[in-house]
Amino acid sequence: MPFLPEERVRSLADVRARAIADHAARWVPHYRALFRPGEIRGVADLAELPLLDKAAVRDDPAAFRSSAPDTSEGLSLRTTGSTWDPLTVFHDRRSLLLNIAYAERERAVETRFIGRSFRYLALDLGLGTTITTPQEVRAYYDRSCYRPLRPRHHSAGVDEPLEDVVATINRLRPDVVRGYGTYLELLFRTAAAEGLSLHLPKVTVYTADGMTDEGRRLVEERFGVPVLSQYSAVEVFRIGYFCEERRGHHLHEDLCALSIVGADGRPVPDGEPGEVVVSNLVNRGTVLLSYRLGDVARIVPGRCACGRTSRLLSVVEGRVSQIVHLRDGSFVHPFAVWAPVKLLDGVVRYQLVQHEPDRFELRLVTVDRATYDSVAPRVAAELRTTLRGAAVEPSYHERLEQGHGGKFSPVVALPRETVAAARA
Ligand SMILES: [Zn+2]
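Owing to the predicted nature of the structure, the values given are computational and were not obtained by experimental measurement. Numbering of residues begins from 1 in every chain and follows the order in which that chain's sequence is written. The model is predicted, so local features are restricted to residues of pLDDT at least 70 and side-chain atom pairs to those at 80 or more, both for listing and for counting; the totals for chains, interfaces and linings are taken over all residues. For the side-chain quantities, the full set of heavy atoms in the structure was used; hydrogens and water were omitted.

1. Structural notes on the sheet that holds strand 16 (residues 347-356)
Turning to step 1, where the next piece is worked out: Whether two strands pair depends on DSSP finding at least two bridges between them. Helix and strand labels come from DSSP, where a helix needs a run of H or I of at least four residues and a strand needs a run of E of at least two; each type is numbered from the N terminus. An order of 18-17-16-19 is seen for the four strands of this open sheet, with the pairing classed as mixed. Because the sheet does not close on itself, it has two edges, and the strands there are strand 18 (391-396) and strand 19 (411-412).
Turning to step 2, where the next piece is worked out: With eight bridges connecting them, strand 16 and strand 17 (residues 359-366) associate as antiparallel partners. Among the inter-strand pairings, Val353 is bridged to a residue of strand 17, identified as Glu361.

Structure below.
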């Protein structure tokens, strides 16, 4: 399989880095104050910019929005539940279409395992009741251009009971099943533990949040289903993807410049873990350069056996979601918890704490008390339905504290064993 030579990809990345920086210096308030057009000459210069964090963008989103006339059309996308700060990022038309085009790099791996490029069946396990980011982007694609032959897409909700999802998989017999890492892991773990008969796809692809190493081994070795992963974020869309070797994420170096920094904010040598910092090289909607993503990862030194020349990233500590186990033996993915909160304006942060198997506290940080008074009862009522009738008590907070090691978890659930013991 031919791949672009490394120099071609690097020079394209440099051209795009110059172009996005020049655009930012002209049209985006935050960068106008930092540098002038022509000053950033490539990816290496981007690494010299001061690091930007999520809070800065959340507190003043307008400072990062381009005022150029050709960037007004596109989509506003909101972060999903794996990150704890609701953040809206505007992607212009060019960013959306380029990201759709570059999806072919990822699809090429998927179709190798499937054995055909077209007319295969894909099942996406997402949120049944809310539109997810991939669904929004796909709808945009449908509106914007002619769609050639594509896999037939079906979707099922992670907020449906597990038996229903298993029944859907067995009925549709998909070639590929895609979903959140934690959810796919739990699906296969449950199938193994309960001896469920489950149609096995030719490949499975997870995004958004992570699978444990044991979970991956279970799916690959016990079920014989290869596990691919795609690393993405609302801020930059496509960051990396697994190749056939499945040793880490190959970076889309020409869409997103990525570096790994240590505690002092300076780049660390390849192989050493640090925080992921990205610059989106193509989005002129919300321009994010030298932006701390919050994940911990390392660059895998050396070349990949697959022949691709892009660097390999190993995500050390990604976004791991806590699954909520309920007294009746069912479970709820945290993205289903996030769904009713996501659509509300004025919610700054939230946290769902499971105090007892069927008693939850919903902690909310809102822009003001009046917003809390109007949204809290509604969200609590919706969550009661999501949590199969458990009690949900909302509480108002000025702020929410970080947990262990500075990591904040939007869902704090009781361990599965504790809930199971309460059932017995
Ligand atoms: Zn590879």
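2. Comments concerning unusual backbone geometry
Turning to step 1, where the next piece is worked out: The backbone of Arg119 shows a phi angle near 55°, a positive value even though the residue is not glycine.
Turning to step 2, where the next piece is worked out: For Phe237, which is not glycine, the phi dihedral falls at a positive 60°.
Turning to step 3, where the next piece is worked out: Within the secondary structure, Phe237 is located in strand 8 (residues 237-242).
Turning to step 4, where the next piece is worked out: When a residue's accessible area, from a 1.4 Å probe over protein chains only, is under 20% of the maximum for its type it is buried; when over 50% it is exposed; and in between it is partly exposed. Residue classification places Phe237 among the buried positions, given a relative accessible area of 9%.

3. Regarding the coordination of the zinc ion
For a metal bound by four donors in tetrahedral geometry, the ideal donor-metal-donor angle is 109.5 degrees, whereas six donors in octahedral geometry ideally sit at 90 or 180 degrees.
Turning to step 1, where the next piece is worked out: Taken together, Cys243 (SG), His250 (NE2), Cys304 (SG) and Cys306 (SG) make up the protein donors of the zinc ion, found 2.1 to 2.3 Å from the metal.
Turning to step 2, where the next piece is worked out: Around the zinc ion sit four donor atoms, and with donor-metal-donor angles ranging over 103 to 115° the site reads as tetrahedral.
Turning to step 3, where the next piece is worked out: Donor atoms are limited to N, O and S found within 2.8 Å of the metal ion, a distance that becomes 3.2 Å for Na, K and Ca. With water left out, some sites might look partial. In primary-sequence terms, the residues that donate to the zinc ion follow C-x6-H-x53-C-x1-C. With Cys243 in the loop between strand 8 and strand 9 (249-251) and Cys304 in the loop between strand 12 (291-300) and strand 13 (312-317), the pair connects residues that are 61 residues apart, well separated along the chain. The two residues Cys243 and Cys304 agree in class, both being buried. A four-donor site is called tetrahedral if each angle lies between 85 and 135 degrees; a four-donor site is square planar, and a six-donor site octahedral, when trans pairs exceed 155 degrees and the remaining angles lie between 65 and 115; all other cases are labelled irregular.

4. Some thoughts on the nonpolar core
Turning to step 1, where the next piece is worked out: Among the buried residues, those of types Ala, Val, Leu, Ile, Met, Phe, Trp, Tyr and Cys that are joined through side-chain atoms within 4.5 Å form a nonpolar core. Judged by nonpolar contacts, the single largest core of 51 residues is most densely connected at Tyr31, Phe35, Ile239, Leu258 and Leu289.
Turning to step 2, where the next piece is worked out: Considering every element that reaches this core, the biggest residue donor is helix 1 (residues 6-27), with six residues.
Turning to step 3, where the next piece is worked out: Whether two residues touch is decided by their heavy atoms; if any such pair falls within 4.5 Å, the residues are in contact. Excluding its chain neighbours within four sequence positions, the residues that come into contact with Leu258 are Ile239, Leu251, Val276, Val277, Val278, Ile299, Arg311 and Leu313.
Turning to step 4, where the next piece is worked out: In terms of nonpolar packing, the next biggest core, distinct from the first, is built from 30 residues, Leu121, Val158, Tyr180 and Leu187 among them.

5. Things to note about the environment of Val203
Turning to step 1, where the next piece is worked out: Mapping Val203 onto the fold places it in strand 6 (residues 203-207).
Turning to step 2, where the next piece is worked out: Counting along the chain gives 22 residues from Val203 to Val225, while the straight-line C-alpha distance between them is 5.5 Å.
Turning to step 3, where the next piece is worked out: If near-sequence neighbours (up to four positions away) are discounted, Val203 is found in contact with Glu110, Phe113, Ile114, Asp175, Val176, Val177, Val225, Pro226 and Leu228.

6. Thoughts on the confidence of the model for the chain
If pLDDT is low for a region, its predicted coordinates should not be looked at in detail.
Turning to step 1, where the next piece is worked out: Averaged over all residues, the pLDDT of the chain equals 86, while 89% of them reach at least 70.
Turning to step 2, where the next piece is worked out: Across the chain, helix 2 (residues 29-32) holds the top mean pLDDT of 97, while helix 6 (residues 133-144) sits lowest at 68. Per-residue confidence from the prediction method is given by pLDDT, with values spanning 0 to 100.

7. With respect to the packing of helix 7 (residues 162-172) against helix 8 (residues 181-194)
Turning to step 1, where the next piece is worked out: Direction vectors running N to C along helix 7 and helix 8 enclose 85°, while the axes themselves pass 11 Å from each other. Classified by the angle between their axes, helix 7 and helix 8 sit roughly perpendicular to one another. Where helix 7 approaches helix 8, its residues Leu162, Val165, Val166 and Ile169 are matched on the opposing element by Tyr183, Leu187 and Thr190.
Turning to step 2, where the next piece is worked out: Note that Gly is not counted as nonpolar here; it falls among the polar residues with everything else outside the nonpolar set of Ala, Val, Leu, Ile, Met, Phe, Trp, Tyr, Cys and Pro and the charged set of Asp, Glu, Lys and Arg. The residue makeup of the contact of helix 7 with helix 8, split by class, is six nonpolar, one polar and no charged. The angle between two axes is taken between their N-to-C directions and runs from 0 to 180 degrees, where each axis is a line fitted to C-alpha atoms and a helix contributes only its stretch in contact. Throughout, the term roughly parallel applies to angles under 35 degrees, roughly antiparallel to angles over 145, roughly perpendicular to angles from 65 to 115, and oblique to all others.

8. Here's the deal with the pattern of salt bridges
Turning to step 1, where the next piece is worked out: Salt bridge, as used here, is a side-chain nitrogen of Lys or Arg placed within 4 Å of a carboxyl oxygen of Asp or Glu. Evaluated as defined, the whole model comprises 21 salt bridges.
Turning to step 2, where the next piece is worked out: Between Lys54 and Glu235 there is a salt bridge, and its shortest N-O distance comes to 3.4 Å. Placement of the pair is Lys54 in helix 4 (residues 54-59) and Glu235 in the loop between strand 7 (227-233) and strand 8, with a sequence separation of 181 residues.
Turning to step 3, where the next piece is worked out: Overall, the relative accessible area of 3% leaves Glu235 in the buried class.
Turning to step 4, where the next piece is worked out: Ionic contacts of the salt-bridge type, sharing partners, join the residues Glu6, Arg10 and Arg303 into one network.

9. What to know about helix 7
For an α-helix, the turn length of 3.6 residues means that residues three or four places apart are oriented alike.
Turning to step 1, where the next piece is worked out: Residues of helix 7 that are buried: Leu162, Val165, Val166, Thr168, Ile169 and Leu172. Around the axis of helix 7, the buried residues are gathered within 155° of arc, so they sit on the same side. In this structure, helix 7 carries Glu163 and Arg171 as exposed residues pointing more than 90 degrees from its buried face.
Turning to step 2, where the next piece is worked out: The inward-facing, buried residues of helix 7 abut strand 3 (121-126), strand 4 (152-157), helix 8 and strand 15 (331-332).
Turning to step 3, where the next piece is worked out: The first or second residue beyond helix 7 is Arg173, which carries a positive phi of 50°. Summarising the geometry, the arc corresponds to the directions from the helix axis toward the C-beta atoms.

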